[in-house]
Amino acid sequence: MQFSTKSLKQYLKKPKVIIMLAILLALSLWFAFCLPLPLFNNSTSYVIDDDRGQLLGASIASDGQWRFPYNPSVPDKFSKCIIAFEDKRFNDHFGFDPLAFSRAIKQNLRNKRVTSGGSTITMQVIRLATHHNRTIWNKIGEIFMALRLEVGYGKKEIMALYASNAPFGSNVIGLDAAAWRYFGRSADKLSWGEMAALAVLPNSPSLVHPGKNRQILLKKRDLLLSRLYKQGIIDSTTAALARFEPVPEKPMPLPQLAPHLLQRFKADAKAAKLTDTRITTSIKSNLQQQVTDIVEKHHQVLKANDINNVAAVVLDVETGSTLAYVGNVSHREDPETESDVDVISAPRSPGSTLKPLLYASMLHDGLILPNSLIPDVPTQIAGYHPENFDLGYDGAVPASNALSRSLNVPAVKMLQQYKYERFYDMLKRIGITTLDQPADHYGLALILGGGENTLWELTGAYADMARALNNYNKNGGKYDANDYHHPQYANAPQKQSNQQNNGLIDAGSIYYTLQAMEEVMRPGEEMLWQQFSSSQRVAWKTGTSFGFRDGWAIGVTPKYVVGVWVGNTDGEGRPGLTGINTAAPVLFEIFRLLPATREWFDVPYGELVKIKVCKESGYRAGQYCDNAVEQYVPKTGLKAAVCPWHKLVHLSADRRYQVTANCTSPDKMANLPWLVLPPSMEYYYKTKNYQYHVLPPFAPGCEQNDANPMELIYPKDGAKIYVPLEADGKRGRMICNAAHRMAGSKIFWHLDDQYVGESSAFQQMALNPTPGKHKLTLVDADGNTIKINFEVLDKNK
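Throughout, residues of each chain are indexed from 1 in the direction in which the sequence is written. Under the rules for a predicted model, residues below a pLDDT of 70 receive no local features and side-chain atom pairs below 80 are neither given nor counted, while totals for whole chains, interfaces and linings still include all residues. Only hydrogens and water are set aside; all other atoms, that is, all heavy atoms of the structure, feed into the side-chain values.

Observations regarding a nonpolar patch on the surface
- Residues Ile136, Trp137, Ile140 and Phe144 make up a contiguous nonpolar surface patch of about 500 Å² in total accessible area.
- Working definition: with a 1.4 Å probe on protein chains only, accessible area under 20% of the residue-type maximum means buried, over 50% means exposed, and in between means partly exposed. Given a relative accessible area of 42%, Phe144 falls into the partly exposed group. Residues enter patches when they are more than 30% accessible in relative terms and free of salt bridges; like-charged ones are connected within 9 Å and nonpolar ones (Val, Leu, Ile, Met, Phe, Trp, Tyr) within 5 Å. Computed with a 1.4 Å probe, the accessible areas rest on the Shrake-Rupley method; for each residue, only the protein chains presented here act as cover. When a carboxyl oxygen of Asp or Glu is within 4 Å of a side-chain nitrogen of Lys or Arg, the pair counts as a salt bridge.

This is how it looks when you write it as structure tokens:
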């Protein structure tokens, strides 16, 4: 034994043996690592499928090929066809078929040219992966690499590699792309005749090309069908019928049901550096096509007013999944439409669409109750002068009414109370990412569209609120932190529930917000929706940006959210381009596509409390509120302010005059609770609310209290005013407006201590101040005085 071990050692030390072992080791290493990694590194098309796996759209790969990503699933028909045509012992050999190879050599020698390569499907995969030229040495290399491929991959994997990378003529690579390009449907839906026609293409894709050498293609296909019949794979009837099927004449265009979603997926995939360029989306093809048709129909009407673009998105509330994504009209032949722009993801001025979020936030923080009166009077704050769309004022309006009517001045007053910095932070927490400037950059204009938002994120925020409300009762009074997230268009697993005791916005506040939004007046034939039991309940909101550039409409039901934008992608404004006129009709037509139900959001009683509320003011009832009603309000309403406007007033016995202890003994007074609004609010409120009673005047000889019965509505103290020029070039006049609690009282107006006139029935005065700083003084007949300072801006400066 020692002798043989010693002899072996001496033998292994021989130079020839060492060289042979080194060569053997090198060959072994080469064999182990001969396959390229990755096996295929070609660019692939970006492909999106609907929720059932049907093609929605695809883009050509960066190298100009229609090459879909690797698909591990190969239709059984194709496997049987390609094995019968190319490699009948595919399932039995180990990558190399000696019988087929020797037969090919004999044929080539007999014909004195290469007529057959003898390559197995496995060897063809290697050639497709390495792009080797057809030489003897490359063929030998392919044989060993094919053997190595068989060691590391199963037969199904090798067949899938072949089906995904084989050439099918022209610039079509892979079975999936070929099925759509030549037959307009997925490979698993092809007939035997169609699959046989595709199976013969990789053998000579340049010779056998659909639309060119059709007779050669027919001959090869029919030959394959005969083989399939002889092998017992198909019966005689199937083979005969398959021969009658025509072969494709030319490549067909691929479906383009969601071109803007495809565009978005490409951008997202590149940003995330995804290697898989195909996804299954949550899009429902039928709904996608129907929404596209609705958008196109309205586009045909709107373009008469030079309104060129419409976008719409439909979300599932429960998951946030996108059911339809129409980013724009599709008119690439018309450059003016700029239809390549995906408006769903484009930042635009949102108009009034943020108002529901402010209303819900203020309810959540206990700053208002659902129907608290909000001032609606001419307002100027640090040079900012918001106006309602109709340019009128109500004096005061319930907060819910201000939301449903989309009044601008009350919204600004509410944001002034809530603080725009705080609202800015709330929007960030809800998931708004487009506010890329500090809060001070937007100021109070933030609530009226002073920032930019996307239809994607806004629609998602509305869905978040609906989802949080739905899940509150499902979770037994708990909140799921994962309810707030951006919409998603790819099918993704649901995140594990992260339940908490408190939500970003409580369910009670969300419920009352959606209740107010349901009261928004609908357009056209939808106006009488409540008269029909079949009508769908929808909480919705419109928005119109400054300059009539953007029209918005977003609607919510317990199951769906629909968002619509209308406008011009170049930002051009158009008369009549408002949310109610342009976007709302599209919104409700889309809702009519969705399953109609009268079901509504469950009342979140766990987050509500019943308290006494002043019926007139909407605030918590105070001691002088004589008409208090019990109402459910969000629990946070317990810390809301008590009614500030109901007071105890002292009247004469006949109740014709106000009196004081200086002129009437207490036993002769009638002490009554009275709703007393500030003069400026009262000035407008009394004209819109007949039930409001103005305080009677003070009795002769009775002293008034310290409260000033006058209020200057416009201008406010410290205002900076620009007085425009009239058509004739002369400087115009500024109209000053005041209110006096006593109807018919005279007010004497002074500009820079110079008397300019008096007013009585209508407390207005037209002034023509020069540029610069001025002082305005108002004095009534009883000596009550108001003084303010303002500045008129110089146009030239």
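Observations concerning the pairing of strand S14 (residues 560-567)
- Secondary structure elements follow DSSP: runs of H or I no shorter than four residues count as helices, runs of E no shorter than two count as strands, and numbering proceeds from the N terminus. The element S14 is largely enclosed, with a buried count of eight among its eight residues.
- Of the two faces of S14, the one lined by Tyr560, Val562, Val564 and Val566 and the one lined by Val561, Gly563, Trp565 and Gly567 are each fully buried.
- Of the strand pairs in this sheet, strand S6 (residues 309-316) and S14 are connected by eight bridges, and their pairing is antiparallel. Each bridged residue has a counterpart across the sheet, and for Ala311 the counterpart in S14 is Trp565.
- Bridging between strand S13 (residues 550-556) and S14 involves seven bridges; their strand directions are antiparallel. The residue bridging Asp550 from the neighbouring strand is Gly567, located in S14. We call two strands paired when DSSP finds no fewer than two bridges between them.

Quick look at the state of the cysteines
- Counting rule for disulfides: a pair of cysteine sulfur atoms within 2.5 Å. According to the stated counting rule, one finds one disulfide in the structure shown.
- Note that Cys663 is cross-linked by a disulfide to Cys702, the S-S spacing being 1.5 Å. For the disulfide bridge between Cys663 and Cys702, the dihedral angle about the S-S bond is near 85 degrees, and by the sign convention the bridge is right-handed. Within this pair, whereas Cys663 is found in the loop between strand S17 (646-651) and strand S18 (670-675), its partner Cys702 is found in the loop between helix H22 (679-688) and strand S19 (710-714), the two being separated by 39 residues in sequence.
- Residue classification places Cys663 among the partly exposed positions, given a relative accessible area of 31%.
- Accessibility expressed as a relative area gives 11% for Cys702, which makes it buried.
- You can see Cys625 has no disulfide; the closest cysteine sulfur is in Cys614, sitting 3.4 Å from it.
- Its relative accessible area of 11% is what places Cys625 among the buried residues.

Overview of the nonpolar core
- Buried Ala, Val, Leu, Ile, Met, Phe, Trp, Tyr and Cys residues form a nonpolar core when they are joined through side-chain atoms within 4.5 Å. Counting residues in each nonpolar core, the largest one holds 80 residues, and the members touching the most others are Phe423 and Ile447.
- With eleven residues, helix H19 (residues 455-474) is the single largest residue contributor to this core.
- Contact criterion: two residues are considered in contact whenever any of their non-hydrogen atoms come within 4.5 Å of each other. For Phe423, the residues in contact, after removing those within four places along its chain, are Leu354, Leu357, Leu358, Leu415, Tyr418, Leu446 and Ile447.
- Counting residues in each nonpolar core, the second largest holds 60 residues, with Ile126, Ala163, Trp180 and Leu225 among its members.

Quick look at the sheet that holds strand S26 (residues 785-792)
- The strand order across the open sheet formed by five strands is S20-S26-S25-S22-S23, and the pairing between neighbours is mixed. With partners counted over all chains shown, the strands left at the sheet margins are strand S20 (719-721) and strand S23 (754-759), one partner each. The average undirected angle you get between the axes of adjacent strands in this sheet is 30 degrees.
- Direction of pairing for strand S25 (residues 772-780) relative to S26: antiparallel, over a ladder of eight bridges. All axes here are fitted lines through C-alpha atoms, helices being fitted over the stretch that makes contact, and every angle between N-to-C directions spans 0 to 180 degrees.

Thoughts on the sheet that holds S19
- Strands sit in the order S19-S21-S24 across an open sheet of three strands; the sheet is antiparallel. The outermost strands of the open sheet, each flanked by one partner alone, are S19 and strand S24 (764-767). Each neighbouring strand pair of the sheet contributes to a mean axis angle of 25 degrees, computed without reference to strand direction.

Comments concerning the packing of aromatic side chains
- Each pair of aromatic rings taken from Phe, Tyr and Trp, with Trp reduced to its six-membered ring, is defined by centres within 6.5 Å and is described as stacked if the planes are under 30 degrees apart, edge-to-face if over 60, and tilted in the remaining cases. Summed over the entire model, instances satisfying the criterion amount to 16 aromatic pairs.
- Judged by centre distance (5.8 Å) and plane angle (80 degrees), the rings of Tyr511 and Tyr512 are edge-to-face. Taken as a pair, Tyr511 and Tyr512 share a single burial class, namely buried.
- Measuring from centroid to centroid gives 4.9 Å for Trp540 and Phe588, while their planes differ by 85 degrees, and the two rings are edge-to-face. With a gap of 48 residues between them, Trp540 in strand S12 (residues 539-544) and Phe588 in helix H21 (residues 579-591) connect regions that are remote in the sequence. As far as the burial class goes, Trp540 and Phe588 line up, both buried.
- Three or more aromatic residues joined by ring pairs form one cluster here, namely Tyr325, Trp456 and Tyr489.
- Charges are assigned to positions over rings by a cutoff of 6 Å between ring centre and Lys NZ or Arg CZ, combined with an angular limit of 35 degrees from the ring normal. Between the NZ or CZ atom of Arg264 and the centre of the ring of Trp456, over which it lies, the distance is 4.2 Å.
- Residue placement shows Arg422 over the ring face of Tyr418; its charged tip is 4.6 Å from the ring centre.

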